[in-house]
Amino acid sequence: MANITFSSPVMAKDVTVYAVAGDRGTILAVAKAHKIPIPFDCQDGECGSCLVQVEHFNPKAKSAVALTEKEKEVLRQLGKITKDEIANAEVNDIPPRYRLACQTFVRNEDILVRFEGDKTQP
Ligand code: FES
């Protein structure tokens, strides 16, 4: 069981949802299932619309980061990942601060997901 807390200036309050262990959904899929308004477009790791900041409540938990080349490249283009963070993810399995919600699979750990959201939407 994983608790995923979503936090954004576009939401009245933080929302925590429970993702069942073994659920291979992405953060974006979980968000959509719970009507959390994370912006998205391509859903294929190419546009960067679904950028989120992910905090792991247990920083010691190694989490098999699984950054794809595509996700790395988009995060790099957005200026949201450093060379050190890429190396740490690849070598030490330390997750970077920012991820693409459509590319990040929910694991059996508690996380906080922050996103800016589209302030023009209600
Ligand atoms: Fe385009 Fe995630 S929706 S990168």
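In this report, the structure presented in the accompanying data block is examined. Remember, it's a predicted structure, so these values are computed and weren't measured experimentally.

1. Description of the overall build of the protein
(1) Moving on: Of regular secondary structure, the protein possesses 3 helices and 5 strands.
(2) Moving on: Helices (α) and strands (β) of the protein occur, in sequence order from the N terminus, as β-β-α-β-α-α-β-β.
(3) Moving on: Within the protein, the proportion of its 122 residues that are buried is 39%.
(4) Moving on: Taking as baseline every contact in the protein between residues at least 6 positions apart, the subset at least 24 positions apart corresponds to 73%.
(5) Moving on: Taken as a whole, the protein presents about 7100 Å² of accessible surface, with 51% of it coming from carbon and sulfur.

2. Comments concerning helix α3 (residues 83-92)
(1) Moving on: Here α3 has its buried residues at E85, I86 and A89. Down the axis of α3, the buried side of the element spans an arc of 105 degrees, and every buried residue falls inside it. Seen from the buried face of α3, the exposed residues on the opposite side, beyond 90 degrees, are K83, D84 and V91.
(2) Moving on: On its buried face, α3 sits against α2 (69-77).
(3) Moving on: Backbone geometry just downstream of α3 places D93 in the positive-phi region, at approximately 60 degrees.

3. A few points about the pairing of strand β3 (residues 51-56)
(1) Moving on: Alignment of β3 against strand β4 (residues 98-100), held across 3 bridges, turns out to be antiparallel. Note that in β4 the partner of L51 across the bridge is L100.
(2) Moving on: The pairing of β3 with strand β5 (residues 111-114) spans 4 bridges and is classified as antiparallel. Directly across from H56, in β5, lies its bridge partner I111.

4. Some remarks on the nonpolar core
(1) Moving on: Of all hydrophobic cores here, the largest spans 30 residues; its most connected members are I4, F6, I27, I38 and V113.
(2) Moving on: Those elements giving two or more residues to this core turn out to be β1 (2-7), β2 (15-19), α1 (27-33), β3, α2, α3, β4 and β5.
(3) Moving on: In terms of residue count, α1 provides more of this core than any other element does, 4 residues in total.
(4) Moving on: Beyond its immediate stretch of four places on either side in the chain, V113 contacts I4, T5, F6, S7, I27, I38, V52 and Q53.

5. Focus on α2
(1) Moving on: Every buried residue of α2 is listed here: E71, K72, V74 and L75. End-on, the buried residues of α2 take up no more than an arc of 170 degrees, which puts them together on one face. Residues E69 and Q77 are exposed on α2 and point more than 90 degrees away from its buried face.
(2) Moving on: Lining the buried residues of α2 we find β3, α3 and β4.

6. Some remarks on the pattern of salt bridges
(1) Moving on: Here the structure, examined in full by the defined rule, presents 8 salt bridges.
(2) Moving on: E71 serves as the salt-bridge partner of R99, at 2.8 Å between the closest nitrogen and oxygen. With R99 in strand β4 and E71 in helix α2, this residue pair connects regions lying 28 residues apart in the sequence.

7. Things to note about the packing of aromatic side chains
(1) Moving on: Per the counting criterion, the structure on display carries 0 aromatic pairs.
(2) Moving on: The positively charged end of K32 is found above the aromatic ring belonging to F40, 4.5 Å away from the centroid.
(3) Moving on: When the ring centre of Y98 is taken as origin, the NZ or CZ atom of K80, which lies over that ring, is 4.8 Å away.

What counts and how
Every chain is numbered independently, its residues counted from 1 as its sequence is written. Predicted model: local features are reported for residues with pLDDT of at least 70 only, side-chain atom pairs are reported and counted for 80 or more only, and whole-chain, interface and lining totals are derived from all residues. Side-chain metrics rest on all non-hydrogen atoms present in the structure, leaving aside hydrogens and water. Under the scheme used here, helices are H or I runs from DSSP no shorter than 4 residues and strands are E runs no shorter than 2 residues, and both carry numbers assigned from the N terminus. Note on classification: 1.4 Å probe, protein chains only; a residue is buried when its accessible area is under 20% of the maximum for its type, exposed when over 50%, partly exposed between these limits. In what follows, a contact means two residues having at least one pair of non-hydrogen atoms within 4.5 Å. Per-residue and other accessible areas were derived by the Shrake-Rupley procedure at a 1.4 Å probe size, with only the shown protein chains allowed to occlude residues. Directions drawn from the helix axis to the C-beta atoms are what define this arc. Should DSSP find at least two bridges between two strands, the strands are regarded as paired. Among buried residues, the Ala, Val, Leu, Ile, Met, Phe, Trp, Tyr and Cys ones that are joined through side-chain atoms within 4.5 Å form a nonpolar core. A pairing counts as a salt bridge when a side-chain nitrogen of Lys or Arg comes within 4 Å of a carboxyl oxygen of Asp or Glu. Planes of paired rings set the category: under 30 degrees apart is stacked, over 60 is edge-to-face and the rest tilted, where pairs are Phe, Tyr or Trp rings (Trp by its six-membered ring) whose centres lie within 6.5 Å. Consider the ring centre and the ring normal. A charge sits over the ring if Lys NZ or Arg CZ is within 6 Å of that centre and within 35 degrees of that normal.

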